[in-house]
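Remarks on the overall topology
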Amino acid sequence: MTSPRLPRRGLLAAGPVVLGLGALAACTDGGSSSSSDAGGAQGGTLTIFSTSEDMSFDPATSQSLAITSLGLTARRLTAWKTSADAPTELIPDLATDTGTPSDDGRTWTFTLQDGLTFEDGTAITAATVKYGLERSFAKELTGGLTYHKVLLEGGEDYEGPFSGKHLDSIEAKDETTLVFHLNRPYGAFGWIASTPAFAPVPEDSGEPESYATKPVASGPYRVASYKAGSQVVLERNEKWDSSTDQARTGGPDSIEFALAQDSSVVAQSLIADRSDAQDAFLASFVPAAQLVQAQNDPKVGDRLVTSGPGALEYLAMNTQSEALKDVKVRTAIQYAVDKEAYRTAKGGEISGDYATTLITPGIEGREEYSLYGDAPAGDAEKAKSLLAEAGVKDLSLRLVITEDDTAAAEAIQQGLARAGITVTIQPLDENAYTSEVPAGDGSGYDLVLGSWQPDVPSPDANLTPLFDSSQIGGGNYNLARYSNPEVDKALLDASSTVDADEAAAKWAAVDKQILQDSPLVPLIYSKNSFLHGSGVKDFVIGEFPAYPNYLTVTLG
Amino acid sequence: MIPALQRVARSLGVLLVVLALTYAIFYLAPIDPALRMCGKPCSPEDLEAARGFMGFDRPWWAQLGSFLAALVVGRTYGSGDVLVHCAAPCLGYSFQYHQDVTTLIGERFPVTVSVAIGAVVLQSALGIAAGALAARRQGGILDRVVTAVSVISASAPAFVVGLLAVVVVALRLGLLPSGGYENLADGPGPWALHLILPWATLAFLNGAVYARLVRSSMIEQLGLDYARTARAAGLPERRIDRYALRNLALPLTTLVALDLGALLGGTVITERIFGLPGLGALLLDATSTADLPVIVGTTFVGSLLIVLANLAADLARPLLDRRLAVGGRRPATPTTQETSS
């Protein structure tokens with residue numbers, strides 16, 4: 001699980017929320033592009049600075065995005081092709097295509113490419129992919145992405161392969177053919193097949209607990225050394241064949257993860273472009289002070305790379321709270337919120353674009369619309385009249401936030417005050433926030449600030465975790481505690497639709513259907529800023545996700 | 001021997017209380033380590049299973065009992081076919097690192113020891129020297145400088161001092177590495193080079209206490225009868241200083257022991273700023289990721305070290321001052337013995 005304010009991110013793409021300064025923010029919004037003109041050569045050692053103490057290279061326990069750290073060592077059935085000016089595309093990885101569904105969408109077949117091998121030269125077969133997936137069901141290997149677990153037939157009772165039992169719904173028909181039997185039709189299974197658990201693992205891979213640091217590589221790099229809290233070194237996997245891989249370029253000869261780094265210190269090194277930071281980048285966002293410094297330092301230039309609009313930052317309204325049960329009151333809040341003030345508090349234009357929809361940019365199926373007016377500053381008069389219609393006076397609400405969100409919360413507070421709504425801000429530390437909000441019973445808050453970036457770029461991963469009634473409490477992210485059987489049905493229907501165009505239309509409709517009920521106020525699609533040294537090339541942040549693609553970075 | 005045994009027993013008691021409090025506090029705090037291990041999305045069944053597997057579904061005192069037992073006999077997590085073993089002395093098992101806490105702490109301890117010992121040596125040497133010099137030149141420029149610097153260093157936040165040291169010394173001037181750790185086994189040169197900045201930062205932050213203590217106590221000592229008598233007898237000032245400092249041995253030993261114990265428990269901010277993989281960095285990470293076994297394990301080891309350092313100082317007191325030894329000779333006044341020795 002991750003931070004409530006950054007609920008979706010790869011292991012090493014973690015970092016503090018960017019809090020830039022509004023007055024300076026507009027100066028150098030780099031856009032969601034690569035910082036380099038030409039591709040770099042092969043070779044060299046790339047350093048990736050990380051604030052994390054450890055890394056997991058075990059696909060069963062990893063929540064890493066398909067384009068970050070785990071993708072360097074572990075291939076999956078499918079992969080992502082990211083581009084700065086186009087939605088992220090699903091491409092084949094180990095498989096020859098992105099999966100073939102049966103007519104009813106309940107059976108998906110993948111065929112592996114011929115001649116693929118692990119780092120030790122043994123063959124990557126359908127059985128090794130099956131074993132990798134089965135491991136993700138084991139109780140001692142928990143904590144990873146679980147989207148496949150609720151889809152595979154019999155998955156609810158399966159406890160992993162270590163006791164000799166196998167999951168029949170993952171069928172390794174022969175050396176290269178895998179057939180997945182789902183418990184319901186599911187249209188975006190190709191995307192699910194790009195999540196970590198779909199990486200192959202050989203059966204004789206040693207103790208399950210130590211696989212996180214001693215994985216058997218299928219990607220362009222293998223783990224050469226692992227020192228928790230200090231350094232992880234990846235070296236070239238000589239058995240990796242670039243001609244079979246559309247997602248990775250395998251540029252640097254080796255990659256060093258420098259762990260447990262202080263992001264301010266690293267950012268200073270990168271700004272100064274010190275010799276030991278030239279072939280390096282910082283995995284987490286640039287801290288606020290260094291972001292301002294980098295924007296104003298001509299030496300930095302295009303080494304500061306800002307993503308396009310990404311994760312949805314929102315104000316969730318607790319629909320089970322007595323004060324917010326009436327949709328008219330929730331609609332009034334849509335108009336009362338001052339998104340302009342919120343964005344200024346978050347750092348201005350460089351921190352994001354105004355949001356009006358639930359599905360985030362860069363995801364196929366997204367349709368632009370605006371239900372509650374186009375003015376980012378809101379419409380306080382409209383809000384007042386809606387509250388009057390609802391017969392509500394002296395509305396007083398509790399807004400729960402994590403400590404680093406105080407300025408943003410005050411912007412919300414001031415916006416709502418224009419419509420006569422009193423907001424009390426309650427800052428909590430991250431653990432207390434998790435306990436009170438995603439894992440709580442909902443009695444502790446009326447409003448809450450949240451952020452969401454899906455694990456895969458499908459509308460299902462975008463909407464279901466936030467609005468399906470099964471995702472309320474227990475550490476899940478339906479923070480509005482929104483429960484609407486019609487919406488549950490619509491979500492299920494859209495996710496079950498196999499035809500891509502038909503599914504896209506359904507997702508666009510369900511997006512609007514939910515927002516008409518006003519469970520949350522979309523605030524901004526946040527942008528993330530990253531710094532790299534002058535030797536780093538092909539540092540590309542695609543339309544989705546708002547993180548650099550580690551798999552294609554090279555050195556000049 | 002009996003008082004020594006009593007002290008050891010008291011120390012054990014303190015450790016148990018600290019441990020019980022740690023468990024109670026974290027049990028009451030809104031932390032559910034199982035949430036981290038449940039995966040995304042997390043079903044209620046998976047969450048319950050994760051709690052059960054990790055042993056967090058039991059009351060805090062039962063968990064404390066298991067912790068204590070595991071120190072002696074080890075522990076096994078899970079049931080049936082799915083088992084995770086943690087050999088004695090087991091300080092718990094981190095499901096985030098997939099490693100037992102004893103190993104995690106063992107791997108990081110050399111780093112923390114390197115930081116702590118160097119820092120304590122530097123801070124006590126610099127602090128005592130500065131305090132003694134300031135006391136000798138009371139009211140002079142040196143005294144004023146020492147007093148001013150010690151006020152600044154005692155009140156400066158560690159984060160600011162550390163960051164400033166990195167930015168100026170490492171990044172701007174390029175004199176030293178900005179962070180990281182090299183094993184002593186790989187050569188003392190790189191090891192020391194990477195530790196100079198952390199040592200200096202800690203010495204600057206903590207040395208002030210020594211300087212102030214030594215300065216005020218020295219001024220007091222130098223005004224006492226024995227010092228005046230010695231001066232009247234024609235003893236050189238340097239020798240009188242030595243007597244005065246010897247009389248400070250007891251409070252300084254206690255201070256050094258406590259500092260050493262505290263630093264061995266991990267220096268959270270310094271380790272983070274300088275990228276040192278020590279116990280402090282481990283604890284900081286565990287706190288943010290709700291890794292309860294690591295929090296409890298490092299807290300326990302940290303308290304153990306402070307208690308041990310305290311105990312060592314306690315047991316060393318009679319060696320430093322024979323008047324405190326059981327059955328030892330009790331002179332009429334402390335100064336008589338000092339001046340006649």
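Residues numbered from 1 in each chain as written. Chains lettered and ligands numbered in written order. Predicted model: local features only at pLDDT ≥ 70, side-chain atom pairs only at ≥ 80, totals over all residues.

**Description of the UniProt feature "domain: Solute-binding protein family" (unreviewed entry) in chain A**
Put simply, the test is: UniProt positions are given in the numbering used here, feature names are shortened, and annotations may be inferred rather than shown by experiment. Labels follow the DSSP assignment, with helices taken as runs of H or I lasting at least four residues and strands as runs of E lasting at least two, numbered in each case from the N terminus.
In the UniProt entry, the feature "domain: Solute-binding protein family" (unreviewed entry) is given for residues 89-472 of chain A. Overall, residues 89-472 of chain A shows 23% helix and 19% strand. The separation of its end C-alpha atoms is 31 Å.

**Here we look at the pairing of strand β13 (residues 312-317) of chain A**
Residues and elements named next belong to chain A. This is how it is decided: As a rule, residues whose C-beta atom has 12 or fewer other C-beta atoms within 10 Å are exposed, those with 20 or more are buried, and those in between are partly exposed; C-beta atoms are placed from the backbone. Paired strands, in this sense, are two strands between which DSSP finds at least two bridges.
Of all 6 residues in β13, 6 are buried; the element is thus mostly enclosed. Side chains Leu312, Tyr314 and Ala316 project from β13 onto one buried face, and the interleaved Glu313, Leu315 and Met317 project onto a second face that is buried too. For β13 and strand β17 (residues 447-452), the ladder comprises 6 bridges, and the chain directions are antiparallel. Residue Leu315 lies in a different strand from β17, and its bridge partner there is Leu449. Direction of pairing for β13 relative to strand β18 (residues 520-526): antiparallel, over a ladder of 5 bridges. Within β18, the position partnered with Ala316 by the bridge is Leu520.

**A look at the environment of Thr82 of chain A**
Residue and element names in this part refer to chain A. Here is the rule we go by: Contact definition: two residues whose C-beta atoms, as placed from backbone geometry, lie within 7 Å.
Secondary-structure assignment places Thr82 in strand β2 (residues 78-83). As a C-alpha pair, Thr82 and Tyr221 span 139 residues in sequence and 20 Å in three-dimensional space. If we skip the residues at most four places from it in the chain, Thr82 touches Ile67, Thr88, Val540, Gly542 and Asn549.

**A word on helix α5 (residues 263-272) of chain A**
Most of α5 of chain A sits inside the fold, with 8 of its 10 residues counted as buried. Within the sequence span of α5 of chain A, burial applies to Ser263, Val265, Val266, Ala267, Gln268, Ser269, Leu270 and Ile271 of chain A. Those residues of α5 of chain A that are buried are in contact with β1 (45-49), β11 (280-282), α6 (288-296) and β19 (529-531) of chain A together with α7 (158-172) and α12 (268-273) of chain B. The positive-phi residue at the C-terminal boundary of α5 of chain A is Asp273 of chain A, with phi of around 55°.

**Structural notes on the confidence of the model for chain B**
Residue and element names in this part refer to chain B. The test is simple: The score called pLDDT rates the predictor's confidence residue by residue, from a low of 0 to a high of 100.
On average, residues of chain B score 84 in pLDDT, and 92% of them are at 70 or above. Within chain B, helix α15 (residues 334-340) has the poorest average pLDDT of any element, 39, and helix α5 (residues 101-136) the best, 92. Scored below 50 in pLDDT, residues 328-341 shows 17 contacts in the model against residues more than four places distant or in partner chains. Both confidence scores are given for the complex: pTM 0.84, ipTM 0.74.

**Thoughts on the domain arrangement of chain A**
Residue and element names in this part refer to chain A. Going by this rule: Boundaries of every domain are those given by an automatic assignment or by a domain database. Three classes are used, and their members are as follows: Ala, Val, Leu, Ile, Met, Phe, Trp, Tyr, Cys and Pro are nonpolar, Asp, Glu, Lys and Arg are charged, and the others, Gly among them, are polar.
Partitioning chain A into domains gives domain 1 (36-257 + 529-555) and domain 2 (312-526). Computed over C-alpha atoms only, the centres of domain 1 and domain 2 are separated by 32 Å. Across the contact, 21 residues belong to domain 1 and 16 residues belong to domain 2. For the side of domain 1 that touches domain 2, the elements supplying multiple residues, two or more each, are β3 (86-92) and α4 (189-192). In terms of residue class, the side of domain 1 that touches domain 2 is made up of 12 nonpolar, 7 polar and 2 charged.

**With respect to the sheet that holds β11 of chain A**
All names here are of chain A. Where we set the bar: Helix axes use the C-alpha atoms of the stretch in contact, all axes being lines fitted to C-alpha atoms, and the angles between their N-to-C directions lie in the range 0 to 180 degrees.
Read from one edge to the other, the open sheet built from 5 strands follows the order β8-β9-β10-β1-β11, with strand pairing classed as mixed. Two strands close off the open sheet at either side, each with one partner strand: β8 (221-227) and β11. Adjacent strand axes in the sheet meet at a mean angle of 15°, parallel and antiparallel pairs treated alike. Where β8 meets strand β9 (residues 231-236), 6 bridges bridge the pair, whose relative direction is antiparallel. Its bridge partner being in β9, Tyr226 is matched across the sheet by Val232. Most of the contacts of α5 go to β11, to which it runs at about 140°, and overall it touches β1 and β11.

**Examining the nonpolar core**
Selection criterion: The nonpolar core criterion groups buried Ala, Val, Leu, Ile, Met, Phe, Trp, Tyr and Cys residues into a set whenever they are joined through C-beta atoms within 7 Å.
Counting residues in hydrophobic clusters, the biggest one holds 230 residues, and the most contacted among them are Leu282, Leu315, Ala336, Ile412 and Leu531 of chain A. Considering every element that reaches this core, the biggest residue donor is helix α14 (residues 292-320) of chain B, with 10 residues. In this structure, Leu315 of chain A is in contact with Val337, Ile412, Leu447, Leu449, Leu520, Val521 and Leu523 of chain A, ignoring residues within four places of it in sequence.

**A short note on the domain arrangement of chain B**
By a widely used convention, the size of an interface equals the accessible area lost when the partners come together. All names here are of chain B. Structurally, chain B comprises domain 1 (6-100) and domain 2 (105-324). Each partner contributes to the interface: domain 1 provides 19 residues, whereas domain 2 provides 18 residues. Breaking the side of domain 1 that touches domain 2 down by element, the ones donating at least two residues are α1 (2-28), α2 (33-37) and β3 (93-94). Counting residues per element, the side of domain 1 that touches domain 2 draws most heavily on α1, which supplies 10 residues.

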